[in-house]
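# Examination of the molecular architecture
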Amino acid sequence: MTEQMRIAVLYGGPSAEREVSLQSGAAVRQALGEAGFDVCGIDIDPTRLTAQLQEQGAEFAFNVCHGAFGEDGHLQAILDALQIPYTGSGVLASALSMDKWRCKRLWQAAGLPTTEGIVLRPGEALPQSVAAWGWPLFVKPNRGGSSIGVSRVTSRGELDAALQVAFAYDEEVLVEAAIPGQEVTVGIIDGEALPPIVIQASGAFYDYQAKYLAEDTRYLLPSGLGSAVESTVQTLALQAFAEIGGRGWGRVDFLLDTESRPALLEINSVPGMTSHSLVPMAARAIGWSFPELCRRIVGAAERSKKHG
């Protein structure tokens, strides 16, 4: 029984999302303690993670280490090798969800709707065919999160600067077409799609400032989309998550065009668990407290281990 096991909450780490992860870790650690678990916290050091886990006597890991190392399969591989069960997706699904371009190609092959996009590496020029997408475009590090390094580009004159920003975070940069409409997100817990949330940022797009610092970002819950559209995006979220082999919990982000047709953006395999975070917000809407949400995420990991 996990209640009798020592749970290590893994957070921090080396990525650009470290500060957000520290907040997530503090919240989850407190919630698990309130829920009656034997819990400790580890601000992970990739060079000595095995020793950190052994020093704490960790028997189970609750991973809220966002971004590189914690969310891209590296951490998951270490935990697998140590035979320590953990929350969230395994190595392959974690790596795919972090790699926006290859995740997009997988969805396209499966016939799932997603935004137009192309990946660039240093020295490569944007193909002329992209002109057909029109402006604006989004330029982002291919493997990253929390909108760090992301730019909304409204003309070719802004493109070089945006590429330079994105290449500072990754050797591959994703250029995507914009879809006028609404941004929507759907959390997934143990095979269940949570209520969709419509996100309305006051700025040009839902950037780091809007996600974690702004007080004027609006989150519509109930979404106001209507039951048919809500059902469509929930079903698509579950399909997209299953297509990459996701397990346990995650979050799927969409754009809805002006006719409410969804296009997949990306999967977050280790969603934020801060005061501004979307999965806890959706969980509250169906009556789950934060400790209950954490307990369910642990339970989902237990079940996936039994069936996997």
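Before reading further, recall that the structure is shown in the block above.
Description of the structure in this document.

### Notes on the overall build of the protein
Looking only at helices and strands, the protein features ten helices and 13 strands. Expected size for 308 residues packed as a compact globule is a radius of gyration near 19 Å; at 19 Å, the protein falls within 12% of this value. The principal-axis extents of the C-alpha atoms in the protein amount to approximately 60 × 45 × 40 Å. Partitioning the contacts of the protein with sequence separation of at least 6, the portion at a separation of at least 24 is 67%. Summing over all exposed atoms, the protein offers an accessible surface of approximately 13,200 Å²; the carbon and sulfur share of this is 49%.

### Overview of the environment of L53
Relative to the elements of secondary structure, L53 occurs in helix α2 (residues 49–55). Counting along the chain gives 26 residues from L53 to L79, while the straight-line C-alpha distance between them is 9.4 Å. The residues touching L53, leaving out its near neighbours within four places in the chain, are A8, L10, I42, A58, L79, L82 and I84.

### Overview of the sheet that holds strand β1 (residues 6–11)
The three strands lie next to each other as β2-β1-β3, forming an open sheet whose pairing is parallel. Looking at which strands have only one partner, the edges of the open sheet turn out to be β2 (38–43) and β3 (60–63). Strand-to-strand, the axes of this sheet are offset by a mean angle of 30 degrees, without reference to chain direction. Across four bridges, β1 lies against β3 in parallel orientation.

### So, the pattern of salt bridges
Under the criterion given, the structure shown has 16 salt bridges. Notably, a salt bridge pairs E172 with R102, separated by 3.0 Å at the nearest N-O pair. Within this pair, whereas E172 is found in the loop between α6 (159–167) and β7 (173–177), its partner R102 is found in helix α5 (residues 100–109), the two being separated by 70 residues in sequence. Judged by relative accessible area, E172 falls into the buried class, the value being 7%. One salt-bridge network, in which partners are shared between bridges, spans D99, R102, R121, R143, D170, E171 and E172.

### Some remarks on the layout of surface pockets
Considering only enclosed or pocket space, the second largest pocket measures out at about 240 Å³ in volume. Along its surface, the second largest pocket is lined by 16 residues, and G67, A68, M98, R143 and G144 are the ones closest to its centre. In the lining of the second largest pocket, the residues fall into seven nonpolar, five polar and four charged.

### Remarks on the nonpolar core
By size, the foremost hydrophobic cluster in this structure holds 28 residues, and its most contacted members are V9, V28, L32, F62, I189, M273 and L293. Those residues in contact with F62, other than ones at most four positions away along the chain, are I7, A8, V9, L10, V28, L32, T87, C294, I297 and V298. The next biggest cluster of nonpolar side chains, apart from the first, holds 24 residues, and it includes L96, W107, L256 and L264.

### Section: the sheet that holds strand β4 (residues 117–120)
An order of β4-β7-β5-β6 is seen for the four strands of this open sheet, with the pairing classed as antiparallel. Each edge of the open sheet carries a strand with a single partner, namely β4 and β6 (151–153). Here the strands of the sheet are splayed against their neighbours by 25 degrees on average, with no regard to which way each runs. Lying on the sheet, α6 is in contact with β4, β5 (137–141), β6 and β7; it crosses β5 at an angle near 25 degrees.

### Remarks on unusual backbone geometry
The peptide bond linking W135 to P136 adopts the cis configuration, its omega dihedral lying at 0 degrees. Assignment of secondary structure puts P136 in the loop between β4 and β5. With an omega of 10 degrees, the peptide bond running from L221 to P222 counts as cis. Position of P222 among the secondary structure elements: in the loop between β11 (218–220) and α8 (227–243). You will see that D190, though not glycine, has its phi angle at about 50 degrees, which is positive. Within the fold, D190 resides in the loop between β8 (181–189) and β9 (192–193).

### Things to note about the environment of I78
Along the chain, I78 turns up in helix α3 (residues 74–82). Taking C-alpha positions, I78 is 38 Å from Q182, a pair spaced 104 residues apart along the chain. What I78 contacts, discounting residues up to four positions off in sequence, is L49, T50 and F69.

### What about the pairing of β2?
Pairing analysis gives six bridges linking β1 to β2, with the strands arranged parallel. Paired with Y11 across the bridge in β2 is D43. Handedness of the β-α-β unit built from β1, helix α1 (residues 18–34) and β2 comes out right-handed.

### Thoughts on α3
Along α3, the residues classified as buried are L75, Q76 and L79. Relative to the axis of α3, the buried residues are bounded by an arc of 100 degrees and lie together on one face. One or two residues past the end of α3 sits Q83, with phi positive at roughly 60 degrees.

Cut-offs and rules
- Residues numbered from 1 in each chain as written.
- Predicted model: local features only at pLDDT ≥ 70, side-chain atom pairs only at ≥ 80, totals over all residues.
- Heavy atoms only, no water.
- Helix = DSSP H or I, 4+ residues; strand = E, 2+ residues; numbered from the N terminus.
- Rg over C-alpha atoms; globule rule 2.2 N^0.38 Å.
- Contact = heavy atoms within 4.5 Å.
- Areas by Shrake-Rupley, 256 points an atom, 1.4 Å probe, with all protein chains shown as cover.
- Pairing = 2+ DSSP bridges.
- Axes fitted to C-alpha atoms, helices over the stretch in contact; angles between N-to-C directions.
- Salt bridge = Lys/Arg side-chain N within 4 Å of Asp/Glu carboxyl O.
- Buried < 20%, exposed > 50% of the residue type's maximum accessible area, 1.4 Å probe, protein only.
- 1 Å grid on protein atoms, 1.4 Å probe; cavity = no way out; pocket = protein on both sides within 12 Å on 5 of 7 lines; lining within 4 Å.
- Points joined across faces, edges and corners; volume = space filled by probe spheres on them.
- Nonpolar A, V, L, I, M, F, W, Y, C, P; charged D, E, K, R; others polar.
- Core = buried A, V, L, I, M, F, W, Y, C linked by side-chain atoms within 4.5 Å.
- Right-handed = clockwise from strand over helix to strand, strands pointing away.
- Arc of directions from axis to C-beta.

Coordinates in, geometry out; function isn't part of it.
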